[in-house]
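Chain by chain, the residues:
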Amino acid sequence: MDRTITGPIEYAPLLPVAAIAACGLVAALLVVRAYLRPGRPVAWTWRAGMLLLRLAAIGVVLGCLLGPSRVERTIHADRAPVILLLDDSRSMTLADQPGAPTRANRMNAALEDSRGRLEALAMRFDLRFFRAGAAAVEGPLGPVACDQPKTALGDALEAALRAARGRRNGAVILLTDGVSNAGREPSRVLPRFRAAGLPIYAVGFGEEAGPAGQKDLKVTNLLAPTSAILHATVPVIAECSLAGYQGKKVLAHFRVDSREVLTKWIFLQRDRENVRLTFHLPCEMPGQRKVTVAFDVEPDELDSKNNELSTFVDVDSQNLPILYAEGTPRWEAKFLRRTLESIEGVNLDYVNAMSGDATLLSQKDFSKYRIVILGDLPGKLFPRADQERLAKAVADVGVGLVMTGGMANFGPGGYADTPVGRILPVRMTARDGSITESFFASPTPQGLQHPACQIADDLNACQAAWAALSKLDGATGVAGLQPAATMLMKTSNHDPLLVEQPVGKGRSMAFLADTTWKWAMGDEKSLAAYKRFWKQLVLSLAQKDLKTGRRLWATLDRYLYVPGETVRIQVFAQTEEGKPLREAGLTAAVVYPNGSRAPISPTFFGECHHATFVPDAGGEYLLEVEATDGATSLGKCQTKFFVRAADFEMDSPEADLPFLHRAARETGGRYVEPERLGDLLQMLQGRPAESVVEEERRSDLWNRPSVVFLFAALLTLEWVLRRLKRLL
């Protein structure tokens, strides 16, 4: 039965009350003064009537400014809701112990055993059933198939709140393994249950450790650079989760396109291991190269689709222009120049400023180079205006910059608080000294993962190669590192030796040693390590793809995604002068793995056209773009990306029981074992079955057409009277 209670008038002033009163008083005084002013003789009764009409109109305005409203409260009496949310996802088909019933079988058995109590509960309460899979679907009680590819637990909880319709004294019974992999985050919905007086009783299935005896060889992620220079060697790191093959060896394959490059045997010492495998991609051919890491399919695997994963690396076929400037005669410069000239694809522009000519670098367009190397070049030979041009090329164009150690550069050479000094990854002062004692150079843990320090083909060989190199004689000292810097190499005393940091679109490095030529004077292995170090350093610094000479190209933020993840696309169309072409005619589409096409519409912003795409299935996708500049064709470009064929349910089979405990605790319910479902229903049967819902409705008394009509009527009547008495 519904009951409506009308409350007193309430006020919500649109302005401060004092301001409303002051305005009303001033307006009233002005009106009274106007009517008391001598003029045409009119009887005082007529004047008083017209004055009252005008004051009434002012009163209407003042009343509206006070914001009066009336509140009506309606009290509804209804049956309290009891809502069962049943997990209908594929993870419920798992058995947590060998030979034990699956989670779904246990849930269906618990529901069947409690059927009588559920029917009794439905006699008193509003009992409703929802299956929680990719979406929440209401239906009758019956066996749950558990065939949904995702679990949107947050969406199911939202559906329960909507079904409750504000009714209190109810309950939500959640039967699930607690894992949610789609839709809104369940944790964000929980506070609304306590506010609604709707406790959650969580019935958990599964084990936090996942099914015992689970067998699965899974490549979870591939970490690889999006681009590389021709003839470079770049690392590809595969993150793998291996379970169920303790004491056995499994074989991992590393493929480039369809060609197998390397295989690795992995001996598993534990039942579950997370392994990082590092492979090295030889960039021998230009173009987009497909990189794949895969395991052989083993018997009884939980999911064989996740045994392999692919991504793409763009190998740039353009030559590598490098500017190398030196200002002091030394052995380091001689050996480094010879090494750079021996790297295939490098076009070296060597500037010898030893004559003291400060105008040599003024003639250089730094944006035309991929890398700028500053050797022992004093700051006085590098004018500030030229330094500003170099800093701009690094930050805005993406040029890589490295300064090598010396006696006349860094802080002592006058680079402190200069445009170049500010973008280097080290802090420096004019008082910085030198490291005079000999030391062994060694990579830091971050450095071992960086291409510049990988002077051998695997981690163990790399560490052994660094340990075998001879000592270096001294290095340049610095005051410290910049906040965004990463130390890649250190001395024996842990002083920084090789440091890197991002600078806008580019990167800068500081290599503080100046006697690496001693490595070149060693045996064949030492010479090979020396050459590979400098080759890897410059090629890693040139990873930024400048697309020099092209008028149309497309880039992605990366080349590996999962279904439902946003792919961010940038399309660059340029004039012949290299300026962004805002009005380019673009035709773009994404080709699905099955050959179907999805048109996309890039929009111009900043320096390029932007678009997004959300893949819904795994496989290899192709982005195709065609552009025109008026009647002139800019050609076509293509780029591929890979979407992991994610099995959201089987990728994470571990039950999230801590979430279920927290959901029950935070909403005023409790966690229940499946075997105690009947006891829970019996407890709910003894609770009050009536839900009282109080609904409040506020109606504004001032914001109505009748108020406007009254105001207009008062002023109109006053105007008519004034007209009749010839006061106008």
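Our subject is the structure listed above.
Scoring rules and cut-offs
- Residues numbered from 1 in each chain as written.
- Predicted model: local features only at pLDDT ≥ 70, side-chain atom pairs only at ≥ 80, totals over all residues.
- Heavy atoms only, no water.
- Helix = DSSP H or I, 4+ residues; strand = E, 2+ residues; numbered from the N terminus.
- Rg over C-alpha atoms; globule rule 2.2 N^0.38 Å.
- Buried < 20%, exposed > 50% of the residue type's maximum accessible area, 1.4 Å probe, protein only.
- Contact = heavy atoms within 4.5 Å.
- Areas by Shrake-Rupley, 256 points an atom, 1.4 Å probe, with all protein chains shown as cover.
- Lys, Arg positive; Asp, Glu negative; His and termini not counted.
- Charge placed at Lys NZ, Arg CZ, Asp CG, Glu CD.
- Pairing = 2+ DSSP bridges.
- Axes fitted to C-alpha atoms, helices over the stretch in contact; angles between N-to-C directions.
- 1 Å grid on protein atoms, 1.4 Å probe; cavity = no way out; pocket = protein on both sides within 12 Å on 5 of 7 lines; lining within 4 Å.
- Points joined across faces, edges and corners; volume = space filled by probe spheres on them.
- Nonpolar A, V, L, I, M, F, W, Y, C, P; charged D, E, K, R; others polar.
- Core = buried A, V, L, I, M, F, W, Y, C linked by side-chain atoms within 4.5 Å.
- Salt bridge = Lys/Arg side-chain N within 4 Å of Asp/Glu carboxyl O.
- Polar contact = N/O pair within 3.5 Å; in protein donor to acceptor, adjacent residues only side chain to side chain.
- Phe/Tyr/Trp six-rings, centres within 6.5 Å; stacked < 30°, edge-to-face > 60°.
- Lys NZ or Arg CZ within 6 Å of the ring centre and 35° of its normal.

(A) Representation of the overall build of the protein chain in the model. From N to C terminus, the protein chain includes 17 helices and 38 strands. What you see for the protein chain is a C-alpha radius of gyration of 38 Å, clearly larger than the 27 Å of a compact globule of 728 residues, by over 25%. With respect to the principal axes defined by its C-alpha atoms, the protein chain has extents near 115 × 90 × 60 Å. For the protein chain, the proportion of its 728 residues judged to be buried stands at 48%. Put simply, of all contacts in the protein chain between residues at least 6 apart along the chain, 75% involve residues at least 24 apart. Of the roughly 34400 Å² that the protein chain leaves accessible, carbon and sulfur atoms contribute 53%. Both charge centroids of the protein chain, one from 86 positive and one from 83 negative side chains, sit 9 Å from each other.

(B) Structural detail: the sheet that holds strand β13 (residues 272-282). If you walk across this open sheet you meet the three strands as β8-β10-β13, and the pairing is antiparallel. The sheet is open, and its two borders are formed by β8 (216-223) and β13, each paired with just one other strand. Geometrically, the sheet is characterised by an average inter-axis angle of 25° between neighbouring strands, direction not taken into account.

(C) Quick look at the pairing of strand β15 (residues 308-316). Burial runs high along β15: eight of the nine residues are buried. Bridge count for strand β9 (residues 227-229) against β15 is three bridges, and the pairing is parallel. When the bridges of β15 are listed, I229 appears paired with D316. Pairing analysis gives eight bridges linking strand β14 (residues 287-295) to β15, with the strands arranged antiparallel. Its bridge partner lying in β15, T292 is registered against S310.

(D) Structural view of empty space enclosed by the protein. For the coordinates displayed, the defined rule picks out one cavity of 30 Å³ or more. In this structure, the largest cavity occupies an estimated 30 Å³ of space. In terms of lining, the largest cavity is formed by V82, F125, N169, G170, A171, L684 and R687. Residue composition of the lining of the largest cavity, grouped by class: four nonpolar, two polar and one charged.

(E) Molecular detail of the sheet that holds strand β7 (residues 200-204). Across the sheet, six strands lie side by side as β5-β4-β3-β6-β7-β37; this open sheet has mixed pairing. Looking along the sheet, the strands with just one partner apiece sit at the ends: β5 (136-138) and β37 (671-672). Sheet topology places strand β6 (residues 171-176) next to β7; five bridges connect them, and they run parallel. Paired with L175 across the bridge in β7 is V203. Helix-sheet contacts for helix α16 (residues 677-685) involve β3 (81-87), β6, β7 and β37, and the interaxial angle to β6 is about 170°.

(F) Region of interest: the nonpolar core. By size, the foremost hydrophobic cluster in this structure holds 78 residues, and its most contacted members are L374, W466, L498 and F533. At eight residues, the largest contribution of residues to this core is made by helix α13 (residues 524-541). Not counting the four nearest positions on each side in its chain, W466 is found in contact with A441, P443, C453, I455, M489, W519 and F533. Judged by nonpolar contacts, the second largest core, of 57 residues, contains V219, A228, V236 and F279.

(G) Quick peek at the pattern of salt bridges. Tallied over the full model, the rule gives 33 salt bridges. Its salt-bridge partner being K518, residue D473 comes within 2.9 Å of it at the nearest N-O pair. Of this pair, D473 sits in strand β23 (residues 472-476) while K518 is found in helix α12 (residues 517-520), placing the two residues 45 residues apart along the sequence. Judged by relative accessible area, D473 falls into the partly exposed class, the value being 36%. Overall, the relative accessible area of 26% leaves K518 in the partly exposed class. When the shortest N-O distance is used, the salt bridge between R662 and E666 registers 3.5 Å.

(H) Summary view of the layout of surface pockets. Each pocket or cavity is described by its volume, and for the second largest pocket that value is around 370 Å³. In terms of residue count, strand β10 (residues 233-243) provides more of the lining of the second largest pocket than any other element does, three residues in total. Class assignment of the residues belonging to the lining of the second largest pocket gives a composition of seven nonpolar, six polar and one charged.

(I) Quick look at the side chain of R167. On the secondary structure map, R167 appears in the loop between α5 (153-164) and β6. At 2.9 Å, the side chain of R167 and the backbone oxygen of A164 are in polar contact.

(J) Region of interest: the environment of V261. Mapped onto the elements, V261 comes out in strand β12 (residues 259-267). Placed 20 residues apart in sequence, V261 and L281 show a C-alpha to C-alpha distance of 8.5 Å. Not counting chain neighbours up to four residues away, the residues in contact with V261 comprise F254, R255 and V256.

(K) Molecular detail of the packing of aromatic side chains. A full pass over the atoms with the stated rule returns 19 aromatic pairs. Ring geometry for W466 against F533: centres 5.8 Å apart, planes inclined by 80°, an arrangement best described as edge-to-face. In this pair, W466 is assigned in helix α11 (residues 459-468) and F533 in helix α13, connecting sequence segments 67 residues apart. F533 carries the same exposure label as W466, and that label is buried. These aromatic residues form a ring-pair network of at least three members: W466, F511, W519, F533 and W534. When the ring centre of W265 is taken as origin, the NZ or CZ atom of K249, which lies over that ring, is 5.1 Å away. In this arrangement the basic side chain of R338 is found over the ring face of F335, its NZ or CZ atom lying 5.4 Å from the centre.

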